[in-house]
Amino acid sequence: NSGSLKAIVTLISRIITAVIGIIFVPIYVRIIGVESYGLVAFYGTLAGSLAILDLGLSTAINRQVAILKAHTNKEKEIKDLIFSVELIYWSIGLLVGLLIVVLAHPIAIYWVKAKDLPTIVIERAVMLMGAVFAFQFPTSIYNGVMIGMERQVPNAVLTILFTVARAAGVILILKLVQPTVEYYFLWQVLLTFLFTISLRIYVRQKLTIRNTKARFSVPQLKSIWRFAAGMAGISVVTFFLSQVDKIVVSKLVLLEFVGYYSLAFLIANVLQQVISPLQVVVFPRFASLLAQNKQSELLELYHRSCRWVAIIVFPIGLVLIFFAKEILMFWTKNPELVKNTAPLVQVCTAGTVCNCMMWIPYSYLLAKGNTRFTIYQNIIASVILVPLLFWWTGKYGAIGACFVWLSINIGYVLISLPLFYHRYLKGEMGRWYKKDVALPLITAMILTVGAKYFQVRMIPDIKIIYFIILLLFISSIYFFIIPELRAFSSKLKFGRRSRAGL
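Residues numbered from 1 in each chain as written. Predicted model: local features only at pLDDT ≥ 70, side-chain atom pairs only at ≥ 80, totals over all residues. Heavy atoms only, no water.

Novice: Give a detailed account of the confidence of the model for the protein chain, specifying residues and quantitative values.
Specialist: Residues of the protein chain with pLDDT of at least 70 account for 82%, and the chain-wide mean is 81. This stretch, residues 494-502, has a pLDDT under 50; its non-local contacts, to residues over four places away or in other chains, come to zero contacts. (pLDDT = per-residue confidence, 0-100. Contact = heavy atoms within 4.5 Å.)

Structure representation (structure tokens):
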């Protein structure tokens, strides 16, 4: 049906965007060098940090457009709301972009620490970053409006097209024109501008009311300010946990190691990309069961969802931890990059595995309408995180920042999770450990450690074909041992037989 199609297309869009982000990194590193790629990573940190200026408006307009669209004769209100918010967004984007351009010289001298890259190159790259940000910032508004209008499919299609154009097109520019980081950002400026304008044109075309001019509307802004303020509060707290480490690393370590650090998190983030569709499915179901007060069904769905997260995350996470060097060598073919990045990948992945264990409890809390627990938890984590980051990063470099990420997420599992069960799901924590976590963790650990031992003893200089065979072998054993996977396999076989019988 229409809802399923939107969900599938959106999921495909996320997967393609994530895969492109991973596949093209080694190519960029080979063409422009790891230090120049550090500037690309620096822009990711800059843009992620400045996303706090969103003020919750992109989520708020998504919700408000959906509400207005559900009523008749609200086209004028929608048009005024979009115009009012986009005026604010373009103003913020252009002003902040101009500020980045003005501060490019001091950023290049006093913030970015480069070993070989000339200061003038860094300065020009930072100026171009300001232009990219100015055009990129308003895209979240148009994305929010399209989703509120239930135009997820066109939004996903446009996102895929421009993501491919940005990633693949820049390689042609670097190959045919000049392999420098300045040309990398010049291409990003052009494509980001075209993407944002394309989204704006599409949104304007879908507003059926043509004979009235959009006006800046204070009443429409007032209609969303409470929700936007709440989202802004969450964004501020989340910012410290998701971006402050990258800011500290970009300040305290050489640009080359900023690239390694960013690359490690890009790989570890695969775990979150894999389980994100599960959260999208589970969250509305939690809300529905809570509204109907179906406690037994709710608990069953909760534990089943936790088991699936464990089933997916543990084997992938442990493979990334124990085979980080082999995976990076197959991917990048760069021994120096592997040497510096593999330890970061191992620590980042361990922290991300712990973080993924919190996703289903977090979805449960949101379904209950409870945001306080998460906000208080993240405030406490931020208070610990910031001084620890400066201490460990200053003393140990990028690996110190990775250990801070690991420590915070271990704290979530050992402290936040027991508090969550004590307050909201009393008596369920033992079941979570025994039924949801223990079997997938122990099985994945035994198989992965055994595979690593076998590889070190038998085929230390492992080739890609043997590595794939080894992973397929441990995957098949894992599939056989885990009851949910056996049941899932049986359902697939039964479904195929039923269709064949038809």
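The discussion continues.
Novice: A description of the nonpolar core should follow, citing residues and the corresponding values.
Specialist: Within the largest apolar cluster, 145 residues are counted, with the highest numbers of intra-cluster contacts made by L39, F185, F286, Y302 and F420. With 14 residues, the single largest contributor to this core is helix α16 (residues 295-322). In contact with Y302, not counting residues within four places along its chain, are F286, I360, P361, Y364, F420, Y421 and L425. (Core = buried A, V, L, I, M, F, W, Y, C linked by side-chain atoms within 4.5 Å. Buried < 20%, exposed > 50% of the residue type's maximum accessible area, 1.4 Å probe, protein only. Helix = DSSP H or I, 4+ residues; strand = E, 2+ residues; numbered from the N terminus.)

Novice: Outline helix α20 (residues 372-396), listing residues and values.
Specialist: Between the first and last C-alpha of α20 there are 34 Å, a value that for 25 residues agrees with the 36 Å anticipated at 1.5 Å per step. The sharpest bend along α20 comes to roughly 30°, located at L388. Taken from the residues just after α20, G397 is the one with a positive phi, measuring 80°. (Expected span 1.5 Å × (residues − 1). Bend = angle between axes of the 7 residues up to and from the residue.)

Novice: Please give an account of the environment of T341 that cites residues and values.
Specialist: Within the element layout of this structure, T341 appears in helix α18 (residues 335-356). On the basis of relative accessibility, which here comes to 0%, the residue T341 falls in the buried class. A sequence separation of 76 residues divides T341 from F265, and the C-alpha atoms of the two residues are 10.0 Å apart. Look past the residues within four positions of T341 in its chain and what remains in contact with it is Y260, L263, A264 and L328.

Novice: Explain the pattern of salt bridges to me, using residue names and the numbers behind them.
Specialist: In a structure, side chains of opposite charge can pair up when their charged atoms sit close to one another. Going through the model one piece at a time under the given rule, you end up with nine salt bridges. As a salt-bridge pair, E182 and R124 come within 2.9 Å of each other at their nearest N and O atoms. Of this pair, E182 sits in helix α10 (residues 181-205) while R124 sits in helix α7 (residues 119-136); the two residues are 58 residues apart in sequence, bridging distant segments of the chain. (Salt bridge = Lys/Arg side-chain N within 4 Å of Asp/Glu carboxyl O.)

Novice: Tell me about the packing of aromatic side chains, residues and numbers included.
Specialist: This structure, assessed with the given rule, holds 21 aromatic pairs. Judged by centre distance (6.2 Å) and plane angle (80°), the ring pair of Y302 and Y421 falls under edge-to-face. Residue Y302 is found in helix α16, and its partner Y421 is found in helix α21 (residues 398-424); the two are separated by 119 residues along the sequence. Comparing Y302 with Y421 shows no difference in burial state: the two are buried. Ring geometry for F420 against Y424: centres 5.9 Å apart, planes inclined by 40°, an arrangement best described as tilted. Residue F420 and its partner Y424 are both found in helix α21; the two are separated by four residues, about one turn of the helix. Residue F420 is classed as buried on the basis of its relative accessible area, which comes to 1%. Taken together, the aromatic side chains of Y302, Y364, F373, F420, Y421, Y424, W432 and Y433 make up a single cluster linked through ring pairs. (Phe/Tyr/Trp six-rings, centres within 6.5 Å; stacked < 30°, edge-to-face > 60°.)

Novice: I'd like to hear about the packing of helix α2 (residues 25-32) against helix α9 (residues 152-176), residue by residue, with values.
Specialist: For any two helices packed against each other, one specifies the crossing angle of their axes together with the interaxial distance. At a minimum axis distance of 11 Å, the contact between α2 and α9 shows a crossing angle of 20°. Between α2 and α9, the angle falls in the class roughly parallel. Both α2 and α9 take part in a crossing whose hand is left-handed. For the pair formed by α2 and α9, the contact residues are I27, Y28, I31 and I32 on the first element and R166, A167, V170, I171, L174 and K175 on the second. Residues that form the contact of α2 with α9 fall into these classes: eight nonpolar, no polar and two charged. (Axes fitted to C-alpha atoms, helices over the stretch in contact; angles between N-to-C directions. Parallel < 35°, antiparallel > 145°, perpendicular 65-115°, else oblique. Left-handed = near helix turned anticlockwise from the far one by under 90°. Nonpolar A, V, L, I, M, F, W, Y, C, P; charged D, E, K, R; others polar.)

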